[in-house]
Amino acid sequence: MKSRILLSLFALSICCFAQAPPTLQNLYAAGVSWNQAGTPAVAGTALFAHLVNDGSGTYAFGVYDALPQNTKPFTVTSNVGMGIAQQIFKIGNTPVFIPTAAGISFTGSNTGWAWSTGVGVPIKIKSSNWYAMPTVRVVKSSVAGGTGYQLIPTILFGWGK
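One structure accompanies this document, and this report is about it. (Residues numbered from 1 in each chain as written. Predicted model: local features only at pLDDT ≥ 70, side-chain atom pairs only at ≥ 80, totals over all residues. Heavy atoms only, no water.)

Counting 15 residues, the largest nonpolar core has Leu27, Leu47, Tyr59 and Phe61 as the members making the most contacts within it. Among the elements of the structure, strand 1 (26-34), strand 2 (42-53), strand 3 (58-71), strand 5 (94-107) and strand 8 (130-141) are those that each provide at least two residues to this core. Setting aside residues up to four positions removed in sequence, Leu27 forms contacts with Leu47, Phe48, Ala49, Pro122, Tyr131, Met133, Trp159 and Gly160. (Core = buried A, V, L, I, M, F, W, Y, C linked by side-chain atoms within 4.5 Å. Buried < 20%, exposed > 50% of the residue type's maximum accessible area, 1.4 Å probe, protein only. Helix = DSSP H or I, 4+ residues; strand = E, 2+ residues; numbered from the N terminus. Contact = heavy atoms within 4.5 Å.)

Put into structure tokens, the structure is as follows:
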């Protein structure tokens, strides 16, 4: 099942070469995630995206995930990653992105690597610069307590132009 999801995301990313020019230049967002492997299952995510190539819809992308693992003692796995977000197509005026990032993961003194990928859709709120952005990402970490593939559905709210 996991390999099918990853293959589907890869196949969708190939579509990035036939797309309309991006309308979003920068996006900064934060929100609440659901982490089925954590106790409590509520987590937090923050991200930014900055357009680096207007013709291709390629964005510099950074993400931070705070994933609680235990309540006693309270333990949080932090994942910090940098990468790219690629606009793959639009639904009307709403872009659809595949963000991919790699970086570090840490819990206290335990440090390792982390990567994530998924899909995100920034939906403009009326005629303002505010966005609601539902995302679904797959996160993998080498840090004990955060190992394994984790599916992270998120709702983010942010500002962009």
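Here the focus is the pairing of strand 2. As paired strands, strand 1 and strand 2 are joined by nine bridges and run antiparallel to one another. Paired with Gly31 across the two strands is Thr45, which belongs to strand 2. Pairing between strand 2 and strand 3: nine bridges, direction antiparallel. Within strand 3, the position partnered with Thr45 by the bridge is Asp65. (Pairing = 2+ DSSP bridges.)

Residues Lys72 and Pro73 are joined by a peptide bond in cis, for which omega reads -10 degrees. Tracing the chain through its elements places Pro73 in the loop between strand 3 and strand 4 (74-91). The backbone of Lys126 shows a phi angle near 50 degrees, a positive value even though the residue is not glycine. Looking at where Lys126 falls in the secondary structure, it is placed in the loop between strand 7 (123-124) and strand 8.

A complete count under the given rule lists three aromatic pairs for this structure. Between Tyr28 and Trp159 the ring centres are 6.5 Å apart and the planes differ by 15 degrees, which places this aromatic pair in the stacked class. Of the two residues, Tyr28 is situated in strand 1 and Trp159 in strand 9 (residues 149-160); the sequence distance between them amounts to 131 residues. With relative accessibility at 42%, the residue Tyr28 sits in the partly exposed group. With centroids separated by 5.1 Å and ring planes inclined at 85 degrees, the aromatic side chains of Tyr59 and Phe97 adopt a geometry described as edge-to-face. With Tyr59 in strand 3 and Phe97 in strand 5, the pair connects residues that are 38 residues apart, well separated along the chain. Overall, the relative accessible area of 2% leaves Tyr59 in the buried class. By relative accessible area, which is 7% here, Phe97 ends up buried. (Phe/Tyr/Trp six-rings, centres within 6.5 Å; stacked < 30°, edge-to-face > 60°.)

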